[in-house]
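Close look at the chain arrangement
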Amino acid sequence: MLSDTAPRRVDPPALPEARGPLSAAVLGALRGWPPAMPHLDQADPYGDDLQLALYCCYELHYRGFADIASDREWDVGVLGLRAELERVFETALRKDVPAADGTVAEVTAELDALVVEQVEGRGPSWHLRRDGELWQLREYVAHRSLYHLKEGDPQAFVIARLDGPAKAALVSVEHDEYGAGNPDRMHARLFAEMMGSLGLSTAYGHYLDAASAETLAEVNFMSLCGLHRRLRGALVGQFATVELTSSPGSERLVRAMRRLGCPEQAVAFYDEHVEADAVHEQMVRLGVVAPLLAAEPELARDIVFGVRASSFLADRFGALLLDSWTRGRPTLRRPLTDAPTPAGSMR
Amino acid sequence: MAEARQIVVTDDGPLLVSGPVEVVLPDGRRVRSDRPVTAICVCRRSRRAPFCDTSHRRKVRTSDAATDDEEDRAQRHSAPAG
């Protein structure tokens, strides 16, 4: 019941560097400078500047930042900026994914489609399994750390917005993500151990400056849906997408790591997810989505939106990695030491 | 009378059993799962038998170049269970 694991202080990360006027405005507001609302008309909804700005707004609700006052979380200036950024992001997503028809049948069809496996798929885990290199695997893990070091946290926000069987089942899955009472089995902790054994920094937020806009957008979508009660259907759709697609992807990463000769400690995280997410898939479909739709069928439209938007963003992330890797280029904004030197040296 | 343990039979996937379970295999090996819910493979395709690894899923071929199906089958047969 009680763990022997020594409690450790998690130091909040340093503020990242701005990537443009929007992120500069948010960072300024966090530091307590007078708020300056930048123009959003020309903003790229999926670009580095907007995604970093949004990520920084959301991080206040998780671990915060070093030397930034905790009460910035509810600072009206910061919240005002966040609302504008969210509007641009959500509007773009609603435009870029096919609109749902609002039927329960469509939710079922959408989830069914997620569990059809490709014999020959395309995506980072397929590439890594087949012929990916160690530096590419390390890049993949560094990108993913932006989510996995707080695995389960964005989805935990939705608990208070659910009731009855859907709530109970979602909490069961989350309980498992949090190690089912054992902090040594907490998925975020397993992820950190994997990072350490791959020679990466295990510090929370260490790779924020290095992470691509595509990486941040996936996490931002979870935070957006988790923090808005209005979007609880979309959060459940996002959660279902991850839980339904994770098991085979994790299996491919296990094989990639074994092929690359990674230590067993590194393999443990994805190895755990093969079996854990085979269970979670069933619990999410039967325990969360089905009773939620039975109680609130009007959420069907947003559940489908959550599935489609998170798949859309996952595809963007996958495309970035594959496009860059096939050209021998690193995908982190601050390349790892074993990555090829960008542009010029690669012929 | 003790409350009956519930076992959920899914459509085309595993059996779901709640609570920690110990599964005894034909060769006498005992495999334990401490998960809140355990998915027991009944399609017999799992590489992690007796637990589900989603191998029951329908597979579609989208490219002619694919040979993974055969590779998968070979792996499944050579991989030790559990």
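Look up: the structure comes first, before these words.
The structure reproduced in this document is the subject of the present report. (Residues numbered from 1 in each chain as written. Chains lettered and ligands numbered in written order. Predicted model: local features only at pLDDT ≥ 70, side-chain atom pairs only at ≥ 80, totals over all residues. Heavy atoms only, no water.)

**Notes on the interface of chain A and chain B**
For clarity, the threshold we go by: Contacts are assigned to residue pairs with any non-hydrogen atoms lying within 4.5 Å of each other. A quick way to say it: buried area is the sum, across both parts, of accessible area lost when two parts are put together, with a 1.4 Å probe. A side-chain nitrogen of Lys or Arg and a carboxyl oxygen of Asp or Glu constitute a salt bridge if their distance falls within 4 Å.
Facing 30 residues of chain A, the contacting portion of chain B comprises 30 residues. Both sides together, the interface formed by chain A and chain B hides about 2,500 Å², and carbon and sulfur atoms give 50% of it. Linking chain A with chain B are eight salt bridges. B:R47 is the salt-bridge partner of A:E251, the closest N and O atoms lying 3.5 Å from each other.

**Here we look at the nonpolar core**
Grouped burial of nonpolar side chains is what soluble globular proteins tend to show. Defined as follows: Only buried Ala, Val, Leu, Ile, Met, Phe, Trp, Tyr and Cys residues count toward a nonpolar core, and they belong to the same one when joined by side-chain atoms within 4.5 Å. In this scheme, a residue with accessible area under 20% of its type's maximum is buried, one over 50% is exposed, and one in between is partly exposed, where area comes from a 1.4 Å probe on protein chains only. What counts as a domain boundary in this text is fixed by an automatic or database domain assignment.
Grouped together as the largest cluster of nonpolar side chains are 112 residues, with contacts concentrated most on A:L30 and A:F89. Formed jointly, this core draws a minimum of three residues from each of two domains, domain 1 (21–96) and domain 2 (104–326) of chain A. Sequence-distant contacts of A:F89, that is, excluding residues within four places in its chain, are made with A:P45, A:Y46, A:L50, A:Q51, A:L54, A:A217, A:N220, A:F221, A:L224 and A:L313. One finds B:V17, B:V23, B:I40 and B:F51 within the second-largest nonpolar core, a separate group that totals seven residues.

**With respect to the packing of aromatic side chains**
Residues and elements named next belong to chain A. Let me state the cut-off plainly: Centres within 6.5 Å make a pair out of two Phe, Tyr or Trp rings, where for Trp the six-membered ring is used; the pair is then stacked when the planes are under 30 degrees apart, edge-to-face when over 60, and tilted otherwise. Counting from the N terminus, the helices are DSSP H or I runs at least four residues long and the strands are E runs at least two residues long. Any Lys NZ or Arg CZ that is within 6 Å of a ring centre and within 35 degrees of that ring's normal is treated as a charge sitting over the ring.
All chains considered together, the criterion is met by seven aromatic pairs over all chains. With 6.3 Å between their ring centres and 80° between their planes, Y46 and F89 make a pair best called edge-to-face. Residue Y46 is located in the loop between α1 (21–30) and α2 (48–59), and its partner F89 is located in helix α3 (residues 76–96); the two are separated by 43 residues in the primary sequence. Across this residue pair, the class does not change: Y46 and F89 are buried. Centroid distance F221 to F305: 5.9 Å. Interplanar angle 80°. Geometry classified as edge-to-face. Remark: F305 occurs in helix α13 (residues 300–326) and F221 occurs in helix α10 (residues 213–227); sequence separation between them is 84 residues. Like F305, F221 is buried. By the ring-pair criterion, three or more aromatic residues cluster together here, those being Y46, F89 and F312. If you follow R94 out to its NZ or CZ, it ends over the ring of F305, 3.9 Å from the centre.

**Details of the environment of A:R94**
All names here are of chain A. Cut-off, in case you're wondering: Side-chain atoms alone can form a polar contact between residues adjacent in sequence; in general such a contact is a pair of N or O atoms within 3.5 Å, and within protein one must be able to donate a hydrogen while the other accepts it.
Mapping R94 onto the fold places it in helix α3. Residues R94 and R308, spaced 214 residues apart in sequence, show a C-alpha to C-alpha distance of 9.5 Å. Dropping the residues within four chain positions of it, R94 is found in contact with R230, L231, D302 and F305. At 3.0 Å, the side chain of R94 forms a polar contact with the side chain of D302.

**Digging into the packing of helix α6 (residues 134–148) of chain A against α13(A)**
Residue and element names in this part refer to chain A. Stated precisely, the cut-off is as follows: Note on geometry: axes are lines fitted to C-alpha atoms, helical ones only across the stretch in contact, with angles between N-to-C directions running from 0 to 180 degrees. The labels follow the angle: roughly parallel below 35 degrees, roughly antiparallel above 145, roughly perpendicular from 65 to 115, and oblique for the rest. Here is the rule for handedness: rotate from the far helix to the near one, and if that takes an anticlockwise turn smaller than a right angle the crossing is left-handed, while a clockwise turn gives right-handed. Gly falls in the polar group here, along with every residue not listed as nonpolar (Ala, Val, Leu, Ile, Met, Phe, Trp, Tyr, Cys, Pro) or charged (Asp, Glu, Lys, Arg).
Viewed as axis vectors pointing N to C, α6 and α13 meet at an angle of 155°, and their least axial separation amounts to 12 Å. In terms of axis orientation, α6 runs roughly antiparallel to α13. Relative to α13, α6 is oriented so that their crossing is right-handed. Contacts from W135, Q136, E139, Y140, H143 and R144 of α6 reach α13 at F317, L321 and W325. When the residues that make up the contact of α6 with α13 are grouped by side-chain class, the tally is five nonpolar, two polar and two charged.

**Let's talk about the pairing of strand β4 (residues 30–33) of chain B**
Residues and elements named next belong to chain B. Where we set the bar: When DSSP finds two or more bridges between two strands, those strands count as paired.
Here β4 shows one buried face, formed by V31 and S33, and one open face, formed by R30 and R32. Pairing geometry for strand β3 (residues 21–24) and β4, over four bridges, is antiparallel. Pairing of E22 across the sheet is with R32, part of β4. Once β3 ends, the chain turns through five residues before running back antiparallel as β4, passing G28 with a positive phi of about 95°.

**Structural notes on the environment of A:A278**
Within the secondary structure, A:A278 sits in helix α12 (residues 264–295). Judged by its relative accessible area of 0%, A:A278 falls in the buried class. Ignoring any residue separated from it by four or fewer positions in sequence, one finds A:A278 in contact with A:S247, A:H273, B:C52, B:D53 and B:T54.

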